[in-house]
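# Report on the structure
Each chain, written out:
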Amino acid sequence: MTWNKRLVLRPFVVLTALLLSLLPLSGCGVYSFTGTSIDYSQIKTFSIAVFQNNASNGPSFLSQRFTEDMKDYFLRNTTLKLVPRDGDLQFEGQIVAYDFAPAAIQSTNGQDQAGINRLTIQVRVKFTNTKDSKQDFEQTFQSNADFPAATNVSSILNDPVANRRITDRIITDVFNKSVANW
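The present account deals with the structure reproduced in this document. Note that the coordinates shown come from a computational prediction; the quantities given were computed from them, not determined experimentally.

## A few points about the packing of aromatic side chains
By the definition in use, this model includes 8 aromatic pairs. Measuring from centroid to centroid gives 5.6 Å for F46 and F74, while their planes differ by 35°, and the two rings are tilted. Of this pair, F46 sits in strand β1 (residues 45-48) while F74 sits in helix α2 (residues 62-77), and the two are 28 residues apart along the sequence. For the pair F46 and F74, one class covers both residues: buried. Ring-pair connections join several aromatic residues into one group, and the members of that group are F46, Y73, F74, F91, F127, F137, F141 and F175. Across the ring face of F137, the terminal group of K177 is positioned such that the distance to the ring centre comes to 5.3 Å.

This is the structure in structure tokens:
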């Protein structure tokens, strides 16, 4: 019976190649599939105060909806526990602007008209990291969405889905700035 040295060495080569390919993943640091850089050994909780609607023309549901959506986003994308107040990470703020204005003017029969209307929401956020004050910030986040000019303005203003598209982007930006260090 003769032995083929190639067949004996093949599993060794495959195993070595596999181990070497995993080597770069063994570096120092905290890794997360959601992109967070939270040190879960120190930070265990977060709290989000109700974001008051200080915009003069925003819908009544916006304050509560924004606050609850932000809590849900953090619960889905971290393993932190939500506490009513005094969390290791603390968020507070207010909705400061809710503006609906023409975004693209076009001339029709010699008259200027809106071709597109834009809804813009601005939220002022104060973030406090009780474990590392260098991470703290206070910043205004803004996002918008465009709607056809023929769409009834009041239907957009009272449409939770239209508002949610905008606030979801703001919440993502807050998340990235606070716990993903982007």
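Read on, since the account is not over.
## Topic: the environment of F66
Note on placement: F66 falls in helix α2. The residues contacting F66, other than those within four sequence positions of it, are F51, I95, V123, T167, I170 and I171.

Thresholds applied
Residues numbered from 1 in each chain as written. Predicted model: local features only at pLDDT ≥ 70, side-chain atom pairs only at ≥ 80, totals over all residues. Heavy atoms only, no water. Phe/Tyr/Trp six-rings, centres within 6.5 Å; stacked < 30°, edge-to-face > 60°. Helix = DSSP H or I, 4+ residues; strand = E, 2+ residues; numbered from the N terminus. Buried < 20%, exposed > 50% of the residue type's maximum accessible area, 1.4 Å probe, protein only. Lys NZ or Arg CZ within 6 Å of the ring centre and 35° of its normal. Contact = heavy atoms within 4.5 Å.

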